[in-house]
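# Breakdown of the fold
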Amino acid sequence: MNRHAQEDFRFQVDLSGMIHILSNHLYSSSKVFLRELLQNAVDAITAMREREASHQGRVRVEIIGTGSGATLAMEDNGIGLTEEDIHEFLAMIGQSSKRKDGKLVGETSFIGRFGIGLLSCFMVSEEIVLLTRSAKGGPSLEWRGKPDGTYSIRKLESELSCGTKVYLRCKPGSELYFDPANVEAWLSDYGSLLPYPILFEAEGSCKTINMPHPDWMNNLALARGSREEVLKFGEQLLGESVRDFIPLTSSSGRTCGIAYILPYAVNLSAKRSHRVYLKYMLVSESAENIVPDWAFFVKCIIWTDELQPTASREHFYENEKLETVRSELGESLRRELMTLADLDPERLKGIIQLHALSMKALAVEDEAFFRMIHRWLPFESSYGRRDLGELLDENDELYYTITLDEYRQIMHVASAQSLPVINGGYVYDAGLLAGLPYLYPHKKIERLLPEDVSFSFIDLTAEERRQYYELTRDGDAALQRFRCRVQLKRFKPSTLPSLFTLSKESSDLRNLVAAEEVSTTELSSILGSLSSAYEDQLYSTLYLNLDNEVVARVFGSGNRAILVAAVEMLYVNALMMGHYPLNRKEMKVLNEGILRFIDLGLSAYGKGGETP
Ligand SMILES: Nc1ncnc2c1ncn2[C@@H]1O[C@H](COP(=O)(O)OP(=O)(O)OP(=O)(O)O)[C@@H](O)[C@H]1O
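Just so you know, these numbers come straight off a predicted model, no measurement behind them.

### Brief notes about the site of the ligand
Every one of the 23 residues lining the ligand counts as a neighbour, but Ala44, Ser96, Ser97, Gly112 and Gly117 are closest to it. When residues of the shell around the ligand are traced back to their parent elements, those giving at least two are α2 (32-51) and α3 (83-90). For the shell around the ligand, the leading source of residues is α2, giving five residues. A breakdown of the residues in the shell around the ligand according to their chemical character gives nine nonpolar, 10 polar and four charged.

### Notes on helix α6 (residues 227-238)
Its 12 residues place the ends of α6 16 Å apart at the C-alpha level, agreeing with the 16 Å of an ideal helix rising 1.5 Å per residue. Of the positions making up α6, those classed as buried are Val230, Phe233, Gly234 and Leu237. Angularly, the buried residues of α6 cover 95 degrees about the axis, an arc narrow enough to put them on a single face. Exposed residues lying more than 90 degrees from the buried face of α6 are Glu228 and Gln236. Of the surrounding secondary structure, the elements contacted by the buried residues of α6 are α5 (215-218), β9 (244-249), β10 (255-261), β11 (274-278) and β13 (298-304).

### A closer look at the sheet that holds strand β20 (residues 498-501)
Strand pairing in a sheet takes place through backbone hydrogen bonds and is either antiparallel or parallel in direction. Reading across from one edge, β19-β21-β20 is the order of the three strands in this open sheet, with mixed pairing throughout. Of all the strands in the sheet, just β19 (484-489) and β20 have a single pairing partner and so form its edges. Between one strand and the next, the sheet's axes are offset by a mean angle of 20 degrees, whatever the strand orientation. Summarising the sheet, β20 and strand β21 (residues 540-545) pair through four bridges and their orientation is antiparallel. Bridge pairing links Phe500 to Leu542 in β21.

### Focus on the packing of helix α7 (residues 320-343) against helix α8 (residues 345-354)
Two elements in contact, α7 and α8, have axes separated by 6 Å at closest approach and are oriented at 130 degrees. What the angle tells us is that α7 and α8 run oblique. Every residue of α8 that contacts α7 at Leu337, Leu340 and Ala341 is listed here: Pro345, Arg347 and Leu348. Classifying every residue of the contact of α7 with α8 gives five nonpolar, no polar and one charged.

### Points about the UniProt feature "binding site: ATP" (unreviewed entry) in the protein chain
In the numbering used here, UniProt assigns the feature "binding site: ATP" (unreviewed entry) to Glu36, Asn40, Asp76 and Thr164. For the residues just named, distributed over 129 residues, the greatest C-alpha separation is only 14.0 Å, placing them together at one site. Inspection of the secondary structure puts Asn40 in helix α2. We classify Asn40 as buried; it has 24 C-beta atoms within 10 Å. Its place among the elements puts Thr164 in strand β6 (residues 163-170). For Thr164, a count of 25 C-beta atoms within 10 Å gives the class buried. Ignoring anything within four residues of it in the chain, the contact list for Thr164 reads Ala44, Asp76, Gly78, Gly80, Leu81, Leu130 and Thr132.

### Thoughts on the sheet that holds strand β1 (residues 59-64)
In spatial order, the strands read β5-β4-β3-β6-β2-β1-β7-β8; together these eight strands make up an open sheet with mixed pairing. The sheet terminates laterally at β5 (151-155) and β8 (205-208), the two strands that pair on one side only. With direction set aside, neighbouring strand axes in the sheet form an average angle of 15 degrees. In the sheet, strand β3 (residues 125-133) pairs with strand β4 (residues 141-145) via five bridges, with the strands oriented antiparallel. Residue pairing across strands places Thr132 opposite Leu141, the latter belonging to β4. Against the sheet, α3 engages β4 and β5, with an angle of about 20 degrees to β4.

### Considerations on the pairing of β21
The element β21 is extensively covered by neighbouring structure, given that five of its six residues are classed as buried. Judged from the six bridges that link them, β19 and β21 form a sheet pairing that is parallel. Note that in β21 the partner of Gln487 across the bridge is Tyr543.

Scoring rules and cut-offs
Residues numbered from 1 in each chain as written. Predicted model: local features only at pLDDT ≥ 70, side-chain atom pairs only at ≥ 80, totals over all residues. Near = placed C-beta within 6 Å. Helix = DSSP H or I, 4+ residues; strand = E, 2+ residues; numbered from the N terminus. Nonpolar A, V, L, I, M, F, W, Y, C, P; charged D, E, K, R; others polar. Expected span 1.5 Å × (residues − 1). Buried ≥ 20, exposed ≤ 12 C-beta atoms within 10 Å, placed from the backbone. Arc of directions from axis to C-beta. Contact = placed C-beta atoms within 7 Å. Pairing = 2+ DSSP bridges. Axes fitted to C-alpha atoms, helices over the stretch in contact; angles between N-to-C directions. Parallel < 35°, antiparallel > 145°, perpendicular 65-115°, else oblique. UniProt positions renumbered as here; feature names shortened; annotations may be inferred.

Laid out in structure tokens, this is it:
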């Protein structure tokens with residue numbers, strides 16, 4: 001060949017390879033062939049109605065035969081195809097009659113646009129047979145397409161009415177997709193909201209699969225007045241019970257829906273899944289990106305005609321439009337909750353209590369929302385689990401901790417002294433509580449640290465201090481190796497022998513020591529030198545309560561050995577009460593202490609342990 005001569009070739013498409021890609025990588029299940037056929041039928045009717053507005057569209061689906069001998073036929077009375085249309089659109093992969101100016105983007109009244117949907121039929125059938133007659137005129141035609149890329153066209157003798165009928169014969173292994181019960185269920189899933197009647201015929205019976213189209217779907221203002229109907233609608237489509245609902249609308253009014261409130265608390269990390277209809281055909285039953293993430297307490301049914309589906313038609317393009325719609329639906333949900341706060345606070349209270357976590361997630365982001373709903377948010381407090389509103393009504397001074405550790409350390413003393421302390425250690429709580437002083441500037445709402453609780457300790461008298469100085473020092477010396485100081489005080493409740501407070505540094509140090517114990521030799525020596533860096537840092541403190549009967553007796557006994565053993569045991573006990581894991585040294589103290597006290601007990605009753 002001449003060096004500069006150029007020969008042009010055409011790409012060849014391996015159709016069976018493409019079908020493999022579609023079935024394995026694009027569609028989540030072969031059942032989507034039904035959706036694609038249904039969508040073509042609906043689009044053909046839409047095209048027909050654009051020519052003739054009064055045209056009454058309908059679709060008929062039929063299963064003929066059973067098992068591997070079954071054939072599925074789907075017939076529409078839509079626009080049909082001319083021979084030219086067949087060559088241009090049906091037989092040309094990627095070509096579609098439904099695009100505006102031939103472009104993939106932009107809006108049309110059709111659901112399809114990619115020109116690949118029909119190929120999905122090859123996932124369940126070796127051949128597509130299509131009988132059609134176009135409303136534009138021309139003969140009735142039979143088209144047969146095969147997955148090897150060949151097709152034939154035959155003019156029919158008989159005159160069909162305008163529209164199209166597609167026949168698919170079951171491919172071995174695809175019997176499942178031709179089973180009448182399955183086909184009926186999937187057709188209902190995809191098409192129950194479609195505006196044209198869908199008739200399903202199999203095993204001698206014929207039924208309409210559409211649900212009655214409720215008025216409130218076209219005018220959401222009516223939804224509130226049709227509560228029972230709206231709830232039933234949701235339960236039917238979502239297949240689970242729902243507790244309540246909130247209508248949603250985008251600003252254009254072209255994306256609407258109902259957010260159903262679930263009757264159970266939903267895990268924050270649970271997958272969000274909403275049911276979305278495009279032009280009243282089901283696009284996705286597990287759309288994640290259509291409402292904001294914080295709305296995880298609702299499952300939505302959404303209908304839209306403004307969003308763009310992806311080629312699999314199972315999701316929507318993450319584009320600017322979707323972003324706007326998502327935030328508008330979120331705004332709509334937020335607004336409705338706020339309206340409820342005014343109109344029906346009890347109903348809102350029920351919803352909030354059930355979905356407190358997501359409500360808190362939303363309130364952290366949105367001050368106005370927090371202001372509106374904060375009174376119903378539940379918190380753990382030294383008075384038990386209470387609504388924030390109750391705590392605010394009952395107290396002019398409120399304290400909160402920001403970690404669970406701090407709360408645990410403070411809680412006993414706080415509740416004994418009727419000090420209102422709220423646990424801010426759970427997710428979102430501290431952030432919300434920190435915002436309270438702005439809402440209630442006349443109240444004292446402050447963060448409380450374990451060290452602050454000491455203000456409610458009563459110091460010993462000078463005489464008592466002198467009396468117990470030596471013993472306190474011995475106790476302090478005994479806990480030196482645990483980097484814990486001992487202080488003798490009086491505090492409430494007297495049933496509490498001791499109170500343990502741990503600073504941030506000593507808490508870090510405990511973690512280091514725990515890591516050191518389970519590490520390899522090299523790592524352990526590194527951790528060891530790290531922990532020695534804490535050597536001079538603040539210790540934890542064990543406050544002993546002289547108002548406690550046992551503590552008073554221990555100090556009153558003047559017995560140094562008993563005091564040391566008791567202090568060590570109270571220290572270990574305080575750690576366990578605070579849910580801190582014991583390290584090896586502490587475990588040893590616990591074991592030895594138990595034995596020592598058994599021994600002491602036995603000695604008190606005489607050598608053999610007999611009751612005196
Ligand atoms: N029932 C039908 N009536 C009339 N025309 C049809 C019918 N089914 C298919 N067609 C024609 O065949 C073309 C290709 O159909 P196909 O389902 O592959 O793609 P599409 O519907 O255009 O786009 P998508 O891939 O998004 O579904 C359509 O654009 C339409 O012109």
